[in-house]
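# Architecture at a glance
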Amino acid sequence: MKSHQFFIVFFIIFLSFQCSQQDDSNTMVSDKIRINQIGYEINSPKRFIVSDTESEAFEIINESGDVIHEGILIDRGEWKSSGESVKLGDFSTFNDYGTFRIRLEDQETSYPFQIGSNLYLDAAIDGLKSFYLQRMTIDIDQKYAGVYRRPGGHPDTVCYFHESTGRSTGYKSSPGGWYDAGDYGKYIVNAGITVGTMLALNDINPYVFQDGSLWIPESGNGKNDLLDEIKFELDWMRTMQDDDGGVFHKLTTKNFEGFVMPVEAVNDRYIIGKSTAATLDFAASMAMASRLYKEFDPVFGETCLASALKAWSWAMNNPEAYYAKNPEDIQTGAYNDVILDEEFFWAAAELYISTGEEKYHDLIQDDLSGMEFRVEESWRNYVDNIGYYSLLSPKSPLKEADKKIIEDRLLSLADSLTNVIENHPYRIPVDHFKWGSNSDFLNAAVLFTVAHHYTGDLLYKESMYETLDYIFGKNATGYSFITGFGSKTPMHIHHRQSEADGILDPFPGFVVGGPNISRQDEGNLGSAGKEYESPLPARSYIDEVESFASNEICINWNAPYIFVLGYLVDTSDETLIVE
Ligand code: 9MR
């Protein structure tokens, strides 16, 4: 049994045990003790939060119930976004290997957690494997997917041109790629930021997820599994480019499909008109791919570059082909964007690095100090950050003095976010809860990761770990937001296959959207007789399938997760024998 499969079995056994909420030593398990439910790496910060407690001290107990460490709880005041009175425990100096729990003076205990090395390995592998499970068109094989095997759906060989394409008849073949999210659409804008973020990981660590580490159909082909998985999306993206270089915005049905398996979701699918945003994100992704794949696959590298150049010239000739909203008869995700400075910057930056041509440099030079950390809708608001990360790479032809300008800005952003952590009751870098808020945390963690990569400064690594603590359970909901990883994890995600496949556990390895104060799904929940438990922003999360605004999954939320975990884990031992 592979280690992550073992983990899932362990998790199921643990859940059954958990139902009793009573452990061997007659103490109550309480989720008001907010820990990282995976655990804490040796020599990393080890902090947890307790909400609304009278206790002033804590103990760490081992599996036999022996007390092996003690500490005090520090008052951190009230957190407005969660309405909690917050105390912090810190056992960073405790570095024994093993499985432990926290116990408070009132005898309440936490879920178990580990202290060890390479603790995120299984989470990283399943996090990336979730992209394989999201593959469209092809059969998902038992050999790679276990119980999540399924016949392929959406051949996408006949996708009708919607009138927004300017064509009144005809169709196009556009198979493959990943399902975007819980729905069955494919959207170029979101595909762009997703593959861009994942390629950026390969740029800083070309060895992570080496061949065989992921166990996908391409494992054993002598090429990196991360690049193999991303290529599945790139191949689809290339089918969305028109002969003139422009790129169609998306491929979806007119309305969202019902909660059925892919083979049963057979409504007509449409290619929607081209947009400058899609074309620029495509150009940037292809330009990145051209240089990162060329070592293993020179022909593919050249093809990507040619596609990128064609897309770029279309965008230069059509800079205002805005996708401001969906056409009247299309109800699927809009991914609308009319402010495209970041998209132009990202595409120009990647083309500069891949071609070395000054004309691209001229377009970015005035913005070298312009990196921002923006919360909300990364696919719309901060694709340029990927360009900045790429420009720092040793592969970038940018002059050292110019790299320094970018690095200074990166570090000042990382410092200010670290400062937010220091002063925040929960010690988190983001206090803003909109659609996909978990990805805002994860994109902050990406920033810390890049800062650590270029400086080696451990402070940034600590900030990265603390941000992951939030994702894995040190948050106001008490959930670890990754399906299948932690003691209390989402079970009813807004994801068609997970709901329709008849299997109790959702697909593992997904990041759910997380708390979202806008709660666009209240009507949907209300019709099902359900409602959010609390009106507060940091607790606006509900583990119900109707909650598309807080409990959906999405490729662009898993991408920064993979970036950070991929940076942390050592996948070199995970060698699989391919038959
Ligand atoms: O992640 C997107 C979020 O930023 C938008 O506010 C929201 C509404 O437009 O759409 C989200 O993306 C969804 C997309 O439109 C359709 N597929 C599922 C995506 C995740 O919920």
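Because the structure is a prediction, the values reported are computed rather than measured.

This next bit is on the sheet that holds strand β6 (residues 74-79). The strand order across the open sheet formed by 4 strands is β1-β3-β7-β6, and the pairing between neighbours is antiparallel. Every interior strand has two partners, whereas the edge strands, β1 (33-34) and β6, have only one. Here β1 pairs with strand β3 (residues 47-51) via 2 bridges, running antiparallel. The residue of β3 that forms the bridge with R34 is I49.

Turning next to the domain arrangement of the protein chain. Considered domain by domain, the protein chain is made up of domain 1 (3-116) and domain 2 (121-414). With centres defined by C-alpha atoms, the gap from domain 1 to domain 2 works out at 39 Å.

Here the focus is the packing of helix α4 (residues 188-204) against helix α17 (residues 555-568). α17 packs onto α4 with a crossing angle of 5° between their chain directions and a minimal axis gap of 8 Å. Judged by the angle between their axes, α4 and α17 are roughly parallel. Across from N190, A191, I193, T194, T197, M198, A200, L201 and I204 in α4, the residues of α17 making contact are I555, N556, A559, P560, I562, F563, G566 and Y567. Classifying every residue of the contact of α4 with α17 gives 12 nonpolar, 5 polar and no charged.

This part covers the packing of helix α14 (residues 458-471) against α17. For any two helices packed against each other, the geometry comes down to the angle between their axes and how far apart the axes lie. Their axes nearest at 12 Å, the elements α14 and α17 cross at an angle of 125°. In terms of orientation, α14 and α17 fall into the oblique class. Classified by chirality, the crossing of α17 by α14 is left-handed. Together, K461, M464, Y465 and L468 of α14 and V564, L565, Y567 and L568 of α17 make up the contact between the two elements. Classifying every residue of the contact of α14 with α17 gives 7 nonpolar, no polar and 1 charged.

Moving on, we come to empty space enclosed by the protein. If you walk through the whole model with that rule in mind, you get 6 cavities of 30 Å³ or more. Approximately 120 Å³ is the volume found for the largest cavity. Residue composition of the lining of the largest cavity, by class: 7 nonpolar, 4 polar and no charged.

Parameters at a glance
Residues numbered from 1 in each chain as written. Predicted model: local features only at pLDDT ≥ 70, side-chain atom pairs only at ≥ 80, totals over all residues. Heavy atoms only, no water. Pairing = 2+ DSSP bridges. Helix = DSSP H or I, 4+ residues; strand = E, 2+ residues; numbered from the N terminus. Domains from an automatic or database assignment. Axes fitted to C-alpha atoms, helices over the stretch in contact; angles between N-to-C directions. Parallel < 35°, antiparallel > 145°, perpendicular 65-115°, else oblique. Contact = heavy atoms within 4.5 Å. Nonpolar A, V, L, I, M, F, W, Y, C, P; charged D, E, K, R; others polar. Left-handed = near helix turned anticlockwise from the far one by under 90°. 1 Å grid on protein atoms, 1.4 Å probe; cavity = no way out; pocket = protein on both sides within 12 Å on 5 of 7 lines; lining within 4 Å. Points joined across faces, edges and corners; volume = space filled by probe spheres on them.

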